[in-house]
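Now for the letters of each chain:
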Amino acid sequence: MGRAAATGGGGGGARRWLPWLGLCFWAAGAAAARGTDNGEALPESIPSAPGTLPHFIEEPDDAYIIKSNPIALRCKARPAMQIFFKCNGEWVHQNEHVSEESLDKSSGLKVREVFINVTRQQVEDFHGPEDYWCQCVAWSHLGTSKSRKASVRIAYLRKNFEQDPQGREVPIEGMIVLHCRPPEGVPAAEVEWLKNEEPIDSEQDENIDTRADHNLIIRQARLSDSGNYTCMAANIVAKRRSLSATVVVYVNGGWSSWTEWSACNVRCGRGWQKRSRTCTNPAPLNGGAFCEGMSVQKITCTSLCPVDGSWEVWSEWSVCSPECEHLRIRECTAPPPRNGGKFCEGLSQESENCTDGLCILDKKPLHEIKPQSIENASDIALYSGLGAAVVAVAVLVIGVTLYRRSQSDYGVDVIDSSALTGGFQTFNFKTVRQGNSLLLNSAMQPDLTVSRTYSGPICLQDPLDKELMTESSLFNPLSDIKVKVQSSFMVSLGVSERAEYHGKNHSRTFPHGNNHSFSTMHPRNKTPYIQNLSSLPTRTELRTTGVFGHLGGRLVMPNTGVSLLIPHGAIPEENSWEIYMSINQGEPSLQSDGSEVLLSPEVTCGPPDMIVTTPFALTIPHCADVSSEHWNIHLKKRTQQGKWEEVMSVEDESTSCYCLLDPFACHVLLDSFGTYALTGEPITDCAVKQLKVAVFGCMSCNSLDYNLRVYCVDNTPCAFQEVVSDERHQGGQLLEEPKLLHFKGNTFSLQISVLDIPPFLWRIKPFTACQEVPFSRVWCSNRQPLHCAFSLERYTPTTTQLSCKICIRQLKGHEQILQVQTSILENERETITFFTQEDSTFPAQTGPKAFKIPYSIRQRICATFDTPNAKGKDWQMLAQKNSINRNLSYFATQSSPSAVILNLWEARHQHDGDLDSLACALEEIGRTHMKLSNISESQLDEADFNYSRQNGL
């Protein structure tokens, strides 16, 4: 390979014309060659194939100048006659080029390689809008090719860290977050953490995370985590060390269990005994607090002195026995031995001959015959009493049989004698009424009662209808199964109870709108009107959509309690997505395992392939009475294969998602879309599900009948919305404000009764005013809403007012009373607005108007609290003031923990927007004194407008 240096002279202008001059000389020589050789071939010195542009084999790379050492840029191309560098738009002088030329043996093409040096002075003297750059330009006979631009920068690393880690004292199993911001440098410095001068490898210790913005996070502090931590920053120029931060993991002392009480220190009399414990469970370490309280307890004791037993005097001699002996006894009771005293010594019985040896064995005394006569007389009295009892039982059986025949008009096969004297217990009701626009004829003043708890039943059931209590006979009234049930079903449907009663012609009519809900029944069947709403036409899914962009927004499912918050910046700029959200109203796909119960609707949000840069907030309502002592609640997600997998327990620590459980809803921070639901596993029998009970009414086809339908559904807005939708199709009216029933997981059933029916205006058949629902049917009522129906009949068409009470209670549990007072006339009914929530008007809100906190205020809060403070006033205190006290490691892994905390606040306060509480929390921390609630609408609009204008919106 030959090496040649391009020569020439001239000033700075030569950079512009010399490359072109050299190219012209080559072109002239090539033309002369073509004229001489008739264009048959190019000269050997330029073996370029016709039609080939230069191809760069090596292009210049980005480079950094370290201290004052120049750097070399090189490029290589083929076929190439000339290669020149162009830096910052100007040609580099030929004298500054060093070129090498060779021949590619495989293709026979000429390969040229060129070098130039760039000095620190050249880079410092350049003042342009971008970094110093250079580019290669290669020539062949056909044209030119340009390489990529290579930037040249001066490498440096400043000495001082922007933020040094601060020392901390944390309790064992607490979370440690050490912040580090390396010095400014080019290229950017890489950060490494040292503990006691040894590098920390987070890949080998899952408890340590160093990925979050150069910060060191220890999720659960251990004693071994105590030490001196140093942040090490380095690039190609230098290394820098931060100040060391001392971390102390301390352990507060804990008492051991008490020892057993010692024996009394005296054997006889008054003394004391003690027990002790030690502060070793665990022992205090590293400055941890010592145990509070006493280590020794003493109590007084009295040891009873032992008393030895002593004999009483001998008794008199007994009469002479047939064996010619008599005896006497004595007892050890003067005094008896006590408190470990000795028993009396000697014999307790003595015997001796009573005839002085002259005993007659064949003679029997008279007293042996007399007791035998008395025993025979007792046997006669016993047999006489048994005979009298048999006669009494026979008379009682005949009487019950005759009474049954006399009561056959009721159509009951056997009636328990307790039904003759039983009935409903007496109740006292307190008259309290508040106006409610949801109720029919709300101007009336019915009685309302406070809820009470009872331990015994208040209504009777036919004792022969025990099979009514099973789920199969109660809730699956199939036509091919003959079940024995109560006669309330016949009252509800108006069907003749017994086939042999030909003299009674009841009209075969159904309640209004429900005639399609029943199968053909056996003539002897008598079932209460309890059915599932699955027989009614319902929608299988509620769905809403909205288009969202970089500004984010809020998507709300009206009247269901389900909402989705897309934070600002979660979607990249210049992108927009159509986001949807739906609720499954059909049969749940999540099948409960064992004692697990579905506590919320199945909520789907998507599209599933959408990627967000900031976690979004999904709000799902639930019906559990929240208590970590009684419930173990899980968040589950459905996979693409249709299976459900557990995401986390709401009490677990996780960095993948976050669950905040409020009394009526769960707010979940997620980074992926899909189908989610909440399930609960009761830990104790005191676990409570909240049920909403409501009563609806409507006229039946028979103008004298009126139907009452009582619903018990999970206390979630979407469950009640489904009931309301079905009642609208049936023409039903809400008769009383719905109430909350606390249903315990104690396996006791639910009873629904109709009480206080006006006796001379309305009637309901005897023994049909009470219906009982098995526990398992109510406990799993999320499958389908449960309702019971009662049919009442007017004596005359002139009766237009109905007043009664509906009692819904759990045996040995909670009870609620619904007061019904309504007019049954169609023209007197009022239009009922079932839902009046604000979210029913705007299901999708985008941009700043969707958020309660203005964007400018939000930025100031994040800038303030994301920066750590020596006094601990950072985002962790912001979380604490907003009742976020657990799983703080999730927020520590976010780029802006304060922003995620505020997103969670927005999700929790979507209806109230209580800015006062947030302002008070900020004032308590002492970081700001701004009252957010006093900001005027004009200021909010101006702030939003300025923000939109700055971002080109």
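- Named according to an unreviewed UniProt entry, the protein is Netrin receptor UNC5 originating from Pongo abelii.
- What UniProt records for the protein under Subcellular location (unreviewed entry) is the sentence "Cell membrane".

### Quick word on the pattern of salt bridges
Working step 1: With the rule as written, the count across this model stands at 21 salt bridges.
Working step 2: Note that Arg148 is salt-bridged to Asp62, the shortest N-O span being 3.5 Å. Placement of Arg148 in the loop between strand E10 (144-146) and strand E11 (150-157) and of Asp62 in the loop between strand E2 (55-58) and strand E3 (63-66) is noted, with a sequence separation of 86 residues between them.
Working step 3: With a closest N to O distance of 2.9 Å, Arg328 and Glu350 form a salt bridge. One end of the pair, Arg328, is in strand E24 (residues 325-329); the other, Glu350, is in strand E25 (residues 349-353), with 22 residues separating them in the sequence.
Working step 4: Overall, the relative accessible area of 29% leaves Glu350 in the partly exposed class.
Working step 5: One network of salt bridges, with partners in common, ties together Arg74, Lys76 and Glu113.

### Notes on the sheet that holds strand E13 (residues 176-178)
Working step 1: If you trace the three strands from one edge of the open sheet to the other, you get E13-E18-E17, paired in antiparallel fashion. Only two strands of the sheet have a single neighbouring strand rather than two, namely E13 and strand E17 (208-209).

### Details of the state of the cysteines
Working step 1: By the definition in use, this model includes eight disulfides.
Working step 2: A sulfur-sulfur separation of 1.8 Å characterises the disulfide bridge that pairs Cys332 with Cys344. Across the disulfide from Cys332 to Cys344, rotation about the S-S bond amounts to roughly 75 degrees, and the bridge is consequently right-handed. Highlighted residues: Cys332 in the loop between E24 and E25 and Cys344 in the loop between E24 and E25, separated in sequence by twelve residues. Note on accessibility: Cys332 and Cys344 belong to one class, buried.

### Looking at the packing of helix H9 (residues 855-865) against helix H12 (residues 897-908)
Working step 1: Put simply, H9 and H12 touch, their axes get as near as 8 Å, and they point 135 degrees apart. Between H9 and H12, the angle is such that the two are oblique. In this structure, H9 crosses over H12, and the sense of that crossing is right-handed. Judged by residue contacts, Arg858, Ile861, Cys862 and Phe865 of H9 engage Ser898, Ala899, Leu902 and Asn903 from H12.
Working step 2: Tallied by class, the residues present in the contact of H9 with H12 amount to five nonpolar, two polar and one charged.

### So, the environment of Ile71
Working step 1: Structurally, Ile71 is set in strand E4 (residues 71-78).
Working step 2: You can call Ile71 buried: its relative accessible area is 12%.
Working step 3: Between the C-alpha atoms of Ile71 and Val152, which are 81 residues apart in sequence, the distance is 8.7 Å.
Working step 4: Residue contacts for Ile71: discarding those within four places in its chain leaves Ala63, Tyr64, Ile65, Ile116, Asn117, Val118 and Val152.

### A word on unusual backbone geometry
Working note: non-glycine residues mostly have negative phi, and peptide bonds are mostly trans.
Working step 1: Between Val186 and Pro187 the backbone carries a cis peptide bond, its omega angle lying at -10 degrees.
Working step 2: Within the secondary structure layout, Pro187 lies in the loop between strand E14 (185-186) and strand E15 (190-195).
Working step 3: With an omega of 15 degrees, the peptide bond running from Gly606 to Pro607 counts as cis.
Working step 4: Mapped onto the fold, Pro607 is located in the loop between strand E33 (603-606) and strand E34 (616-621).
Working step 5: Unlike most non-glycine residues, Asn286 shows phi in positive territory, near 55 degrees.
Working step 6: In this structure, Asn286 sits in the loop between strand E22 (269-276) and strand E23 (296-303).
Working step 7: Note on Asn286: relative accessible area 43%, which makes it partly exposed.

### Considering the nonpolar core
Working step 1: Within the largest apolar cluster, 69 residues are counted, with the highest numbers of intra-cluster contacts made by Leu564, Ile806 and Ile808.
Working step 2: Two domains each put at least three residues into this core: domain 4 (543-684) and domain 5 (688-823).
Working step 3: Ranked by size, the runner-up nonpolar core spans 35 residues in total, among them Val177, Ile217, Ala850 and Tyr890.

### Describing the environment of Gln273
Working step 1: For Gln273, the location among the structural elements is in strand E22.
Working step 2: Here the alpha-carbon distance between Gln273 and Trp261, two residues twelve residues apart in the chain, equals 6.5 Å.
Working step 3: Other than its neighbours up to four places away in sequence, Gln273 contacts Trp261, Ser262, Ala263, Cys264, Gln297, Lys298, Ile299 and Cys301.
Working step 4: A polar contact is formed between the side chain of Gln273 and the backbone oxygen of Ser262, at a distance of 2.6 Å.

### Digging into helix H13 (residues 915-925)
Working step 1: Taken together, the buried positions of H13 are occupied by Leu915, Leu918, Ala919, Ala921, Leu922 and Ile925. Looking straight down H13, one finds its buried side chains confined to an arc of 160 degrees; they lie on one side.
Working step 2: Directly after H13, the chain includes Gly926, whose backbone phi takes a positive value near 90 degrees.

### Some points on the environment of Pro621
Working step 1: Inspection of the secondary structure assignment puts Pro621 in strand E34.
Working step 2: Distance from Pro621 to Cys666, taken between C-alpha atoms, is 6.1 Å for residues 45 residues apart in sequence.

### Describing the sheet that holds strand E50 (residues 844-846)
Working step 1: An order of E37-E38-E34-E30-E29-E50 is seen for the six strands of this open sheet, with the pairing classed as antiparallel. Two strands in the sheet have a free side with no partner beyond their single neighbour: strand E37 (658-661) and E50. Each strand axis lies, on average, 10 degrees off the axis of its neighbour in the sheet, ignoring direction.

### With respect to a negative patch on the surface
Working step 1: Among the surface-exposed residues, Glu646, Glu651, Asp652 and Glu653 lie close enough to one another that they form a single negatively charged patch.
Working step 2: Owing to a relative accessible area of 36%, Asp652 belongs among the partly exposed residues under this scheme.

### Focus: the side chain of Asn215
Working step 1: When you line up the elements, Asn215 lands in the loop between E17 and strand E18 (216-218).
Working step 2: Among the polar contacts made by the side chain of Asn215, one reaches the main-chain amide nitrogen of Cys180 at a distance of 3.3 Å.
Working step 3: Leave out the neighbours within four places in its chain, and Asn215 touches Leu178, His179, Cys180, Trp193, Asp209 and Thr210.

### Quick look at the packing of aromatic side chains
Working step 1: Tallying each qualifying case throughout the model produces 15 aromatic pairs.
Working step 2: Residues Phe696 and Tyr711 carry aromatic rings whose centres are separated by 5.5 Å and whose planes lie at 85 degrees to one another, so their mutual orientation is edge-to-face. With Phe696 in strand E40 (residues 688-699) and Tyr711 in strand E41 (residues 705-714), the pair connects residues that are 15 residues apart, well separated along the chain. Comparing Phe696 with Tyr711, the two get one shared label, buried.

### With respect to the confidence of the model for the protein
Working step 1: Here the protein shows a mean pLDDT of 75. Residues at 70 or above account for 71%.
Working step 2: Within the protein, the element-level pLDDT minimum falls on helix H6 (residues 488-493), averaging 30, and the maximum on E34, averaging 95.
Working step 3: Confidence drops under a pLDDT of 50 for residues 1-49, and excluding neighbours within four residues, the segment shows 55 contacts in the predicted structure.
Working step 4: Long-range and interchain partners of residues 407-538, a stretch whose pLDDT sits below 50, account for 285 contacts in this model, where long-range means more than four residues apart.

About the thresholds
- Residues numbered from 1 in each chain as written.
- Predicted model: local features only at pLDDT ≥ 70, side-chain atom pairs only at ≥ 80, totals over all residues.
- Heavy atoms only, no water.
- UniProt positions renumbered as here; feature names shortened; annotations may be inferred.
- Salt bridge = Lys/Arg side-chain N within 4 Å of Asp/Glu carboxyl O.
- Helix = DSSP H or I, 4+ residues; strand = E, 2+ residues; numbered from the N terminus.
- Buried < 20%, exposed > 50% of the residue type's maximum accessible area, 1.4 Å probe, protein only.
- Pairing = 2+ DSSP bridges.
- Disulfide = S-S within 2.5 Å.
- Axes fitted to C-alpha atoms, helices over the stretch in contact; angles between N-to-C directions.
- Parallel < 35°, antiparallel > 145°, perpendicular 65-115°, else oblique.
- Left-handed = near helix turned anticlockwise from the far one by under 90°.
- Contact = heavy atoms within 4.5 Å.
- Nonpolar A, V, L, I, M, F, W, Y, C, P; charged D, E, K, R; others polar.
- Core = buried A, V, L, I, M, F, W, Y, C linked by side-chain atoms within 4.5 Å.
- Domains from an automatic or database assignment.
- Polar contact = N/O pair within 3.5 Å; in protein donor to acceptor, adjacent residues only side chain to side chain.
- Arc of directions from axis to C-beta.
- Patch = residues over 30% accessible without salt bridge, like charges linked within 9 Å, V, L, I, M, F, W, Y side chains within 5 Å.
- Areas by Shrake-Rupley, 256 points an atom, 1.4 Å probe, with all protein chains shown as cover.
- Lys, Arg positive; Asp, Glu negative; His and termini not counted.
- Charge placed at Lys NZ, Arg CZ, Asp CG, Glu CD.
- Phe/Tyr/Trp six-rings, centres within 6.5 Å; stacked < 30°, edge-to-face > 60°.
- pLDDT = per-residue confidence, 0-100.

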